[in-house]
Amino acid sequence: MQETRYKNTINLPRTNFAMKANLPVKEKEILKFWDELGLYSRIQEKNAGGEWYLLHDGPPYANGDIHMGTALNKTLKDFVVKYKSMRGYRCPFVPGWDCHGLPIEHRLLRELHKTKHDVEVLDFRRKAKEFALKWLGVQREQFKRLGVLGEWDKPYVTMDPAYEAKEIEGFARLYADGYIYRGLKPVHWCIVCETALAEAELEYHDKESPSIYVRFKADERVNRLFGVENASIVIWTTTPWTLPANLAVAVHPDFQYSAVRVNHGQDAHATSLVLASETLPRLKDELGWEDYEVVATVNGAQLEGMNCDHPLADRKSRVILADFVTLDQGTGCVHTAPGHGQEDYEIAGKYNLEIYSPVDERGRFTPEVRDFAGKQVFEANDLIVQHLRSRGLLLEATKVTHSYPHCWRCKSPVIFRATRQWFINVNHNNLRRRTLELVKQVRWVPAFTEKRFLATVEGRPDWCLSRQRLWGVPIPVFYCTNCHSPFLTPEAADHLVALVRKHGVDIWFEKDVKELVPPGAKCTGCGGGEFEKETAILDVWFDSGTSHQGVLTQRNDQKYPAELYLEGSDQHRGWFQSSMLTAVALTNSPPFREVITTGWTLDEQREKESKSKGNITNPLEIVQKYGADVLRLWVSSVDYSSDMVVGMPIFEQMADAYRKIRNTLRFLLGNLYDFDEEKDAVAREEMPEVDRWALSRAQWLLDEVTRALEDFEFYRAYRRIHTFCTVDLSSFYLDILKDRLYTAGPSSRERRSSQTVFARTLRLLDLMLAPILSFTAEEVWANIRRKNDPQSVHLASWPELDDSARDRDLDERYERLNRVRSEVAKVIERERAQGTIGNSLEAKLVLYCADEELLDFLSSFGRNLQMLFIVSSVEVVNLGQKEPPAEAKATEIEGLFIGIGEAPGRKCSRCWKYSETVGESVHHPEMCGDCVKVLVTYFGEEA
RNA sequence: GGGCUUAUAGCUCAGUUGGCAGAGCAUUCGGCUGAUAACCGAAAGGUCGGUGGUUCGACUCCACCUAAGCCCA
């Protein structure tokens, strides 16, 4: 009967902050709130006078939905931007999109069932633009849904006229400064479609090819080196048709090479065959040698610069050194045709070999090729083999089935064929060396990525800028129709840039060349006045790689250089490098001060996500099911510097972690319903010790979280916050405080003190969580906002560290207490297992101390020990030299024995503690003395 | 095949200059029913990817191997 009356004197938590977050719905309301508030603009206004901290967005490709990688990337950027914004930095975030290029071109051609030859260029480009715009719009909404703040209404787009104009201007400056040249380079070429093919346009299928061993007669110097007569160098190839273009034979400088004399068969005694010594055991079987002898062995390096006779033509083939030579296949002597192979091409530069490719666009040998002119290369294979055999140069001819690139469209095998392409010379003006120097001025996170970036710059070939495609920015070069020399004077460039800025780059395709060159332009070579346009377009990496010019130097809300670039590890060869090279060439400075590299998302077997495996985790699905804050929490929880595992169980776990944090916030909030910090706050000096401890812990937390965010190590911040919520708050501080909050007088100093701690801790937590749990933090903010606070938590300032609240001694004191608490819990648990007690308040503890220091330590907590252990009675006993009583349990703590028994007295029906004072009050016979006092003081009851 | 990187409990992460493998979550069992689709406790869970070496002693240093990832070939 008294139950309900007493119940009314208990101060239970009250809040509208729901336990069940319902984020998928709630977040959309918050997005609307931000939109109506103009949150992004307000943040920019707030920080307009602040120091710059510019994060430059690497543009995702505008096709398809966002995926885990792009979601992770933008979320990490959002953490940085929100945190820096709270610290008062001026850090506008301008998202970008990469719009040109092959993937879109492919998709469209496939949809149209056409090839690049039979579409009308302008019409096709219009369609491509629409396609890119459509996906740009889709991705924009998806990124916004993640809670990413930015200049979404004015992103940078690589197909904007102003952007294209700056890109062309950049090309023209590089051209004028001599970085750009036109040269021959082998590319994948389809002889049916008559076009170059990009890597993405290839399909690999098994193909049967000839496998032949051919000997090249070596010169006298080789004979002398081995001390033999008639030495021949043996090569192996599966493309006999490339032999007419052979210019060299490559050997490895570190391998051993032997001259071998075979004593039987057609070659008996006729010649000494040179091949890598280690290949001999394998080759003697393949070539059927039974009786042979090794005549001499030399180092590969010694062969450099010697010559052989070309097996089909009247010229020499040089012996060169190359590290790419391997021993697992062939002879260790590699047939080299710079016009028909990637490695061959690369090594050709070093030895000044011609990029010789006597094959036309239909795959037929050109007239200069003796005996085979006009023959299609695959058909010529047999002919060439016969020829070699008749000249006695063929050692072996079989067939081999191997994986071989085919045209994705017509399914026919492709060839490597050298064509004229535009390049950036990475060694011009010491570009490579200057880049390597400037790389050192950049802070690379994690540190090892600097080494990696350096290696890619050191090893990279010249940058091939041209693509024979439709959807991109044209290479802005004209050719004189008379002397065919390229034409791009600074005046012509300025003229063109102005046109593009005004009309967009489509003007290149729309207008006649006469309207694109300045009036009266004359060829610098022959003085001719007639020109034609280059038809190739620029590599899309040149588009995005010049964003530091097209964006950073152009917009009022940007500046050069950026403080930070943050992308996946594939960008070491991609955007980081294209940006760095162009920036060094154009401005002699890095476009970024710091570069953060992230790993990739993998499935739960740590394997790459792929459509065919069906192991893809879709971020949009996570957002729909759990909410963006759960996705964001996951992003914060992982060490992004290495690869990250994703999968539904992981998000399930993140949802649990989210709920824990949310419930902690909710509990703090629920106990503040009758608290006004201005009127009710208790000064720290007047607080109970444990409250001061809690304030101290909160400051340590702030310190560590701040440092973690300064270092962009969000997972450290996440772990600290989560552990604080679970260990410091939920299982200790909040648990022991329940009694005080609920049963003390509503406006008593003890209760006000704990509420003061709650209010400060909640505010601190909310601000710290704002960059990560952006939505939930906003929801909390709406509940705790004071009169002078901004409308959004994202407009608030990062909390200042209050060093005076930190108390190392208190921290250690309670750490020690908690070790005792843990022992107490074990004792109680043992008792529980025997069924003697249920609720810990039913217990009375006796702490026997055999150690005086421990005795003093525990005694110093006085009556508070009951509260700290959540039991009804604690007695601290000096054991001295005596043995502990039989019922006392030994503990992990030296000198501490714990006895447990039933608490004396009866259970107070109000505070549930057992007390001998229950029954003393006439009016409240079921209540303890403490509760009676509260009722008398705060609720006007009689004693 | 080459360069770089990763590997500690089911999951996310700690582990200082070598010195008895840790935390949180999840799991199991239990308590509470005044944070209740919550809260508290206890227990169980590891040959530190593998092999070899240096050392009195190795998760830590060295070599090799395996698996995976990015980039290149």
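For the structure, check the block above.
Described below are features of the structure shown in this document. Since this is a predicted model, take the numbers as computed values, not measurements.

### Notes on the overall build of chain A
- Tallying secondary structure elements over chain A gives 31 helices and 32 strands in all.
- Computed over C-alpha atoms, the radius of gyration of chain A comes to 39 Å, more than 25% over the 30 Å expected from 2.2 N^0.38 for 943 residues, which places it beyond the range of a compact globule.
- Each of the three principal axes of chain A carries a C-alpha extent, and together these read 125 × 75 × 45 Å.
- Among the 943 residues that make up chain A, the fraction classed as buried is 57%.
- Counting only contacts in chain A whose residues sit at least 6 apart along the sequence, the fraction spanning at least 24 positions is 76%.

### Some remarks on the sheet that holds strand S4 (residues 195-197)
- The 4 strands are arranged S4-S3-S15-S17 in an open sheet whose pairing can be described as antiparallel. The open sheet has two edge strands, S4 and strand S17 (463-464), and neither has a second partner.
- The pairing of strand S3 (residues 180-190) with S4 spans 3 bridges and is classified as antiparallel. Across the sheet, Trp189 pairs through a bridge with Ala196, a residue of S4.
- Helix-sheet contacts for helix H10 (residues 342-351) involve S3 and strand S15 (415-424), and the interaxial angle to S3 is about 160°.

### Quick look at the sheet that holds strand S7 (residues 248-251)
- Strand order in the open sheet formed by 4 strands is S11-S12-S7-S13, with mixed pairing between adjacent strands. Edge positions in the sheet fall to strand S11 (307-309) and strand S13 (333-336), since each of these pairs with one other strand and no more. Sheet twist, expressed as the mean angle between neighbouring strand axes with direction ignored, is 30°.
- Sheet topology places S11 next to strand S12 (residues 316-321); 3 bridges connect them, and they run antiparallel. Across the sheet, residue Asp309 finds its bridge partner in S12, namely Lys316.
- Against the sheet, H10 touches S12 and S13, its axis set at about 95° to S12.

### A word on helix H19 (residues 575-587)
- A rise of 1.5 Å per residue sets the reference length of H19, with its 13 residues, at 18 Å; its end C-alpha atoms lie 17 Å apart and thus fit the reference within 8%.
- Of all 13 residues in H19, 12 are buried; the element is thus mostly enclosed.
- Among all positions in H19, only Trp575, Phe576, Gln577, Ser578, Ser579, Met580, Leu581, Thr582, Ala583, Val584, Ala585 and Leu586 are buried.
- Of the residues trailing H19, Asn588 is marked for its positive phi of about 55°.

### Focus on the environment of Asn429
- Here Asn429 is to be found in the loop between S15 and helix H12 (431-439).
- Judged by its relative accessible area of 44%, Asn429 is partly exposed.
- Sequence separation between Asn429 and Asn783 is 354 residues, and the spatial gap between their C-alpha atoms is 61 Å.
- Setting aside residues no more than four positions away along its own chain, Asn429 makes contact with Asp177, Tyr179 and Arg434.

### Let's talk about a negative patch on the surface
- Together, Asp851, Glu852, Asp856 and Glu894 make up a negatively charged patch on the protein surface.
- Tracing the sequence through the fold places Glu894 in the loop between strand S29 (889-890) and strand S30 (896-902).
- Given a relative accessible area of 74%, Glu894 falls into the exposed group.

### Comments concerning unusual backbone geometry
- Going from Val445 to Pro446, the amide bond is cis rather than trans, its omega being -5°.
- Structurally, Pro446 is set in the loop between strand S16 (443-445) and helix H13 (448-459).
- Cis geometry marks the peptide bond from Tyr560 to Pro561, where omega comes out at -5°.
- If you trace the backbone, Pro561 turns up in the loop between helix H18 (547-552) and strand S23 (562-568).
- With a phi close to 75°, Asp371 is a non-glycine residue in the positive phi region.
- Within the secondary structure, Asp371 sits in the loop between H10 and helix H11 (377-390).
- Positive phi outside glycine occurs at Asn588, with the angle close to 55°.
- With respect to the helices and strands, Asn588 occurs in the loop between H19 and strand S24 (592-598).
- Assessed through its relative accessible area of 44%, Asn588 is described here as partly exposed.

### Description of the protein's contact with RNA strand B
- Around RNA strand B, the surrounding shell holds 49 residues, and the nearest of these are Lys7, Arg606, Asp639, Arg719 and Ser730.
- By atom count, sugar and phosphate contribute 76% of the portion of RNA strand B lying within 4 Å of the protein.
- For RNA strand B, a phosphate oxygen lies 3.2 Å from a polar atom in the side chain of Lys660.
- Considering each element in turn, the surface near RNA strand B owes the most residues, 11 residues, to helix H25 (residues 714-743).
- Its residues assigned to classes, the surface near RNA strand B comprises 16 nonpolar, 12 polar and 21 charged.

### Quick word on the nonpolar core
- With 149 residues, the main nonpolar core has Trp634, Tyr733, Leu765, Leu868 and Phe869 as its most contacted residues.
- Take this core: its biggest share by element is 14 residues, from H25.
- Discounting chain neighbours no more than four positions away, the residues touching Leu868 are Val690, Phe732, Ile736, Tyr814, Leu817, Arg821 and Phe861.
- Ile424, Val473, Trp508 and Leu538 belong to the second-largest nonpolar core, a separate cluster that totals 65 residues.

### Brief notes about the pattern of salt bridges
- If you walk through the whole model with that rule in mind, you get 62 salt bridges.
- Between Lys913 and Asp739 there is a salt bridge, with the nearest N and O atoms lying 3.0 Å from each other. Of the two residues, Lys913 sits in the loop between strand S31 (906-907) and strand S32 (914-915) while Asp739 sits in helix H25, which places them 174 residues apart along the sequence.
- Assessed through its relative accessible area of 27%, Asp739 is described here as partly exposed.
- Its salt-bridge partner being Arg832, residue Glu829 comes within 3.1 Å of it at the nearest N-O pair. Of this pair, Glu829 and Arg832 both sit in helix H28 (residues 808-833), 3 residues apart, roughly one helical turn.
- By relative accessible area, which is 45% here, Glu829 ends up partly exposed.
- For Arg832, a relative accessible area of 34% translates into the label partly exposed.

### Overview of helix H24 (residues 689-710)
- Between its first and last C-alpha atoms H24 spans 32 Å; for 22 residues at 1.5 Å apiece the expected length is 32 Å, and the two agree.
- Once H24 finishes, Phe712 follows within two positions and takes phi at roughly 60°, a positive value.

### Digging into the packing of H25 against H28
- One can describe the packing of H25 onto H28 by two numbers: an axis separation of 12 Å at closest approach and a directional angle of 85°. Regarding the angle of H25 to H28, the classification is roughly perpendicular. Contacts from Ser731, Phe732, Asp735 and Ile736 in H25 reach Tyr814, Leu817, Asn818 and Arg821 in H28.
- A class-by-class count of the residues in the contact of H25 with H28 yields 4 nonpolar, 2 polar and 2 charged.

### Looking at the packing of aromatic side chains
- Summed over all chains, the structure comprises 33 aromatic pairs.
- Pairwise contacts between aromatic rings join Phe667, Trp693, Phe732, Tyr733, Phe758, Tyr814, Phe857 and Phe861 into one cluster.
- In this structure, Lys74 is placed above the aromatic ring of Phe143, and the distance from its NZ or CZ to the ring centre is 4.4 Å.

What counts and what doesn't
- Residues numbered from 1 in each chain as written.
- Chains lettered and ligands numbered in written order.
- Predicted model: local features only at pLDDT ≥ 70, side-chain atom pairs only at ≥ 80, totals over all residues.
- Heavy atoms only, no water.
- Helix = DSSP H or I, 4+ residues; strand = E, 2+ residues; numbered from the N terminus.
- Rg over C-alpha atoms; globule rule 2.2 N^0.38 Å.
- Buried < 20%, exposed > 50% of the residue type's maximum accessible area, 1.4 Å probe, protein only.
- Contact = heavy atoms within 4.5 Å.
- Pairing = 2+ DSSP bridges.
- Axes fitted to C-alpha atoms, helices over the stretch in contact; angles between N-to-C directions.
- Expected span 1.5 Å × (residues − 1).
- Patch = residues over 30% accessible without salt bridge, like charges linked within 9 Å, V, L, I, M, F, W, Y side chains within 5 Å.
- Areas by Shrake-Rupley, 256 points an atom, 1.4 Å probe, with all protein chains shown as cover.
- Salt bridge = Lys/Arg side-chain N within 4 Å of Asp/Glu carboxyl O.
- Lys, Arg positive; Asp, Glu negative; His and termini not counted.
- Charge placed at Lys NZ, Arg CZ, Asp CG, Glu CD.
- Near = heavy atom within 4 Å.
- Polar contact = N/O pair within 3.5 Å; in protein donor to acceptor, adjacent residues only side chain to side chain.
- Nonpolar A, V, L, I, M, F, W, Y, C, P; charged D, E, K, R; others polar.
- Core = buried A, V, L, I, M, F, W, Y, C linked by side-chain atoms within 4.5 Å.
- Parallel < 35°, antiparallel > 145°, perpendicular 65-115°, else oblique.
- Phe/Tyr/Trp six-rings, centres within 6.5 Å; stacked < 30°, edge-to-face > 60°.
- Lys NZ or Arg CZ within 6 Å of the ring centre and 35° of its normal.

Everything listed here is a matter of coordinates, which is why it stays silent on function.
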